[in-house]
Amino acid sequence: MSDTAPTGYILIVEDDQDLAESMQTVLMRRGFRVDLALDGVTGLRQAGTETYDVVVTDLRLPGIDGMELLNGLRVQQPRLPVVLMTAHGTLETAIEATKAGAYDYVVKPFKTEELEGVLKSALTAKRERESAEEVRSQDTLEAAVIGRSPAMQRV
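Student: Talk me through a negative patch on the surface; I want residue IDs and the actual numbers.
Tutor: Residues Asp15, Asp16, Asp18 and Glu21 make up a contiguous surface patch of negative charge. For aspartate 16, the position within the fold is in the loop between β1 (9–13) and α1 (17–29). With a relative accessible area of 38%, aspartate 16 lands in the partly exposed category.

Right, dumping it as structure tokens:
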């Protein structure tokens, strides 16, 4: 395990338990905090009760597949980055996933560095968006507190 603070809280939804646990081990060694779900229904439930930074899901899952999971996550947490992974990647599937709101798409087998790069990119994008939203929220709060009436503007 890494001595550094976790770089992000990741949920991996993968029905191949050996692969899921291997990914979890490798990512935890690289500083991520990682939970696992072995099917889409469990993944959707976990994402509804935990605050993950990124979800990584297989496209082919028992119960609900990765695209259905992506759609469910879009309803629960519209801004949550979702990375789809599959061994059966096609350009059409990648385009469909992107149009459905996936942050990115990786094809198995992938190198750990490739997945880590995608995760770090997703985390950076998420944090930048949250910072921008916080600034907009702060601007709105200041305007509400200071006021926009002519009398308050003179003060």
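Student: Summarise the pattern of salt bridges; cite the residues concerned and give the values.
Tutor: Applying the stated rule across the entire model yields six salt bridges. Linking lysine 108 and aspartate 58 is a salt bridge whose minimum nitrogen-to-oxygen distance equals 3.2 Å. Here lysine 108, found in the loop between β5 (104–107) and α5 (112–146), pairs with aspartate 58, found in strand β3 (residues 54–58); they are 50 residues apart in sequence, far enough to count as distant. The exposure classification of lysine 108 matches that of aspartate 58, with both residues buried.

Student: Which residues make up the packing of aromatic side chains, and what values do they have?
Tutor: All told, the structure shown has one aromatic pair when counted by the stated rule. Centroid distance tyrosine 9 to tyrosine 52: 4.6 Å. Interplanar angle 45 degrees. Geometry classified as tilted. Of this pair, tyrosine 9 sits in strand β1 while tyrosine 52 sits in the loop between α2 (40–49) and β3, placing them 43 residues apart in sequence. By relative accessible area, tyrosine 9 is classed as buried at 8%.

Student: Tell me about the nonpolar core, residues and numbers included.
Tutor: Counting 21 residues, the largest nonpolar core has Leu11, Val13, Val55, Leu73 and Leu84 as the members making the most contacts within it. Breaking this core down by element, the ones donating at least two residues are β1, α3 (66–76), β4 (82–86) and α4 (91–99). The greatest single-element share of this core, amounting to four residues, is contributed by α3. In contact with leucine 73, not counting residues within four places along its chain, are Leu44, Ala47, Val55, Pro78, Leu80 and Val82. Core analysis: the second largest hydrophobic core is formed by 17 residues, Met23, Leu27, Val56 and Val106 among them.

Conventions and cut-offs
- Residues numbered from 1 in each chain as written.
- Predicted model: local features only at pLDDT ≥ 70, side-chain atom pairs only at ≥ 80, totals over all residues.
- Heavy atoms only, no water.
- Patch = residues over 30% accessible without salt bridge, like charges linked within 9 Å, V, L, I, M, F, W, Y side chains within 5 Å.
- Areas by Shrake-Rupley, 256 points an atom, 1.4 Å probe, with all protein chains shown as cover.
- Salt bridge = Lys/Arg side-chain N within 4 Å of Asp/Glu carboxyl O.
- Lys, Arg positive; Asp, Glu negative; His and termini not counted.
- Charge placed at Lys NZ, Arg CZ, Asp CG, Glu CD.
- Helix = DSSP H or I, 4+ residues; strand = E, 2+ residues; numbered from the N terminus.
- Buried < 20%, exposed > 50% of the residue type's maximum accessible area, 1.4 Å probe, protein only.
- Phe/Tyr/Trp six-rings, centres within 6.5 Å; stacked < 30°, edge-to-face > 60°.
- Core = buried A, V, L, I, M, F, W, Y, C linked by side-chain atoms within 4.5 Å.
- Contact = heavy atoms within 4.5 Å.

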